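# Examination of the molecular architecture
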Amino acid sequence: MKIGIVCYPTFGGSGVVATELGKALAANGHEIHFITYRQPARLDFFSENLYYHEVAVSQYPLFDFLPYESALASKLVDVVRFEKLDLIHVHYAIPHASAAFMAKQILLTTYGITIPVVTTLHGTDITLVGKDKSFSPVVTFSINQSDGVTAVSQNLKDQTLGYFDITRDIKVIPNFIDLDRFSNKDRSHFKKAIAPGNERILVHTSNFRKVKNTEDVIRIFKKVHDVIPSKLLMVGDGPERRNAEELSRELNVCQDIRFLGKQDAVEEILSVSDLFLMPSSSESFGLAALEAMACQVPVISSNTGGLPELNKNGVTGFLSAVGDVDDMAKNAIYILEDGERLQKFKEAALNHAKEFQLSNIMPLYEQYYQKVINQTIKPQ
Ligand code: GMT
């Protein structure tokens, strides 16, 4: 198949899923065209089946806000026409689904070309931004006008059906993991440098947005640290980093916390870690937690959104109510205080992560694309 993929080219979860999916599809013989405003972060190599089309938006003094959606729709028209795509797959509804709808209409009415559009809902496009009144009519319309819609968890599907007036079916296809990249590697030299006294290592990776509750990560760590010699690695960057840093000074644990900023080789850091913390107030799936589990790191998380579908309570880690720092700390201590118990949780985390391996999930997308293409009625 020839597939156009539209996504945010950043390190965020939806961009990572879109890019990794495109790479895997290309390796499986499909021709993949990425269409976005910047080269996706993880698309930094040459492959004969991978193409990248940059969406450039012309500056004009009249534009206080650049009309990216129009530029994207125009680029989609171009790429579909000249590369003869079979399907467009947009990741994150806003503004990609409505831009794809516009392109689809232009292609049909001007060029007689029918192009099916699949929209994947990732989370905040529904739970935070999409619900906002300034977007919801467009989000509802463009979901209903897509030829296929997928959501990354059952919970996100249920939330979408609850918030919006949706008239079409939504297929759940969860996030996936490349176990060749995300696996536990022996990095004992690195572990020794981080934890010279053989302390337990806790880790958090995110974009440090409000929704990630990064201050709760520090509060949980403080409680664990009071009982168990431990270190905390904070990976990533974003608006809440400063507050988290300040809190770690106030609570007098900053000497045992390292803020590492954005890191490419997250799997190296996860490989030396004992416990992953994800106390988010909203999380449609929790790709970062899946990456941790694949590297044999159990997860202490909130029970919001799709997290219970990933983190099995008492098996791969524990779930607590959002904001219940005491419970999260208690559960973290329970896992970390006993070496044998910790090992059991580590093995269970990896076992469960295997269910989400790329080779299980990519075929679901391929089958879904084929179904959507077959169902799309071609004009005479
Ligand atoms: O987590 C983020 O803030 C990034 C965000 C995104 O859209 O890039 O991630 C969302 O999509 C990921 C991939 O499907 C999911 O694994 C994350 O759970 C989801 N984030 C939220 O729902 C907050």
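Keep in mind that this is a model prediction, so the values were computed, not measured.

### As for the layout of surface pockets
Of the voids in this model, the second largest pocket is the one considered here, and its volume is about 370 Å³. If you go around the second largest pocket, you meet 19 residues; those closest to its centre are Glu20, Lys23, Arg42, Arg181 and Phe182. Looking at the lining of the second largest pocket, the elements with two or more residues in it are α1 (13–27) and α11 (287–294). Ranked by residues supplied to the lining of the second largest pocket, first place goes to α1 with 6 residues.

### Quick notes on the site of the ligand
With respect to spatial proximity, 19 residues lie near the ligand, and among them Ser14, His122, Asn175, Lys212 and Glu283 are the closest. One of the side-chain nitrogen or oxygen atoms of Arg209 is found 3.3 Å away from an oxygen atom of the ligand. Within the backbone of Phe285, an N or O atom sits 3.1 Å from an oxygen atom of the ligand. For the ligand, the accessible surface in isolation is 480 Å², of which the surrounding protein chains cover 95%. If one sorts the elements of the shell around the ligand by residue count, α1 sits on top with 3 residues. For the shell around the ligand, the residue count by class is 5 nonpolar, 11 polar and 3 charged. Split by domain, the shell around the ligand shows at least three residues from each of two domains, domain 1 (2–176 + 358–376) and domain 2 (188–356).

### Points about the domain arrangement of the protein
Looking at the protein, the domain boundaries give domain 1 (2–176 + 358–376) and domain 2 (188–356). Listed by partner, the interface residues are 21 residues for domain 1 and 14 residues for domain 2. Note on domain 1 versus domain 2: buried area summed over both sides is about 1200 Å², and carbon and sulfur give 56% of it. Counting every contact that joins domain 1 to domain 2 gives 0 salt bridges. The interface formed by domain 1 and domain 2 includes 7 residue pairs in polar contact (both at pLDDT 80 or more). Of all elements in the fold, only α1, α6 (154–163) and α15 (358–375) reach the threshold of two or more residues within the side of domain 1 that touches domain 2. For the side of domain 1 that touches domain 2, the element with the most residues is α6, which contributes 4 residues.

### Considerations on the UniProt feature "domain: Glycosyl transferase family" (unreviewed entry) in the protein
The UniProt feature table records "domain: Glycosyl transferase family" (unreviewed entry) at residues 189–350. Annotated as residues 189–350, this span is 43% helix and 18% strand, and its ends, taken at the C-alpha atoms, are 23 Å apart.

### Focus on the packing of helix α2 (residues 68–83) against helix α3 (residues 93–111)
For any two helices packed against each other, one specifies the inter-axial angle together with the distance between the axes. Their axes nearest at 8 Å, the elements α2 and α3 cross at an angle of 50 degrees. Judged by the angle between their axes, α2 and α3 are oblique. Considering only the axes of α2 and α3, their crossing is right-handed. On the side of α2, the interface is formed by Tyr68, Glu69, Leu72, Ala73, Leu76, Val77, Val80 and Arg81, while α3 contributes Pro95, His96, Ser98, Ala99, Ala100, Met102, Ala103, Ile106, Leu107 and Tyr111. For the contact of α2 with α3, the residue count by class is 14 nonpolar, 2 polar and 2 charged.

### Thoughts on the packing of α3 against helix α5 (residues 136–145)
Running from amino to carboxyl end, α3 crosses α5 at an angle of 55 degrees, the nearest separation of the two axes being 9 Å. Taken together, the axes of α3 and α5 are oblique relative to one another. Crossing hand, α3 versus α5: left-handed. Across the interface between the two elements, Ile94, Ala97, Ser98, Phe101 and Lys104 from α3 touch Val138, Val139, Phe141, Ser142 and Gln145 from α5. Classifying every residue of the contact of α3 with α5 by side-chain character gives 6 nonpolar, 3 polar and 1 charged.

### Section: the sheet that holds strand β13 (residues 317–320)
Within the open sheet, the 6 strands sit side by side as β10-β9-β8-β11-β12-β13. Their pairing is parallel. Pairing within the sheet leaves two strands with one partner each, and these edge strands are β10 (257–261) and β13. Looking at each pair of strands side by side, their axes are set apart by 20 degrees on average, direction ignored. Pairing analysis gives 3 bridges linking strand β11 (residues 275–278) to strand β12 (residues 299–302), with the strands arranged parallel.

The rules behind the values
Residues numbered from 1 in each chain as written. Predicted model: local features only at pLDDT ≥ 70, side-chain atom pairs only at ≥ 80, totals over all residues. Heavy atoms only, no water. 1 Å grid on protein atoms, 1.4 Å probe; cavity = no way out; pocket = protein on both sides within 12 Å on 5 of 7 lines; lining within 4 Å. Points joined across faces, edges and corners; volume = space filled by probe spheres on them. Helix = DSSP H or I, 4+ residues; strand = E, 2+ residues; numbered from the N terminus. Near = heavy atom within 4 Å. Polar contact = N/O pair within 3.5 Å; in protein donor to acceptor, adjacent residues only side chain to side chain. Areas by Shrake-Rupley, 256 points an atom, 1.4 Å probe, with all protein chains shown as cover. Nonpolar A, V, L, I, M, F, W, Y, C, P; charged D, E, K, R; others polar. Domains from an automatic or database assignment. Contact = heavy atoms within 4.5 Å. Buried area = accessible area lost by both parts, 1.4 Å probe. Salt bridge = Lys/Arg side-chain N within 4 Å of Asp/Glu carboxyl O. UniProt positions renumbered as here; feature names shortened; annotations may be inferred. Axes fitted to C-alpha atoms, helices over the stretch in contact; angles between N-to-C directions. Parallel < 35°, antiparallel > 145°, perpendicular 65-115°, else oblique. Left-handed = near helix turned anticlockwise from the far one by under 90°. Pairing = 2+ DSSP bridges.

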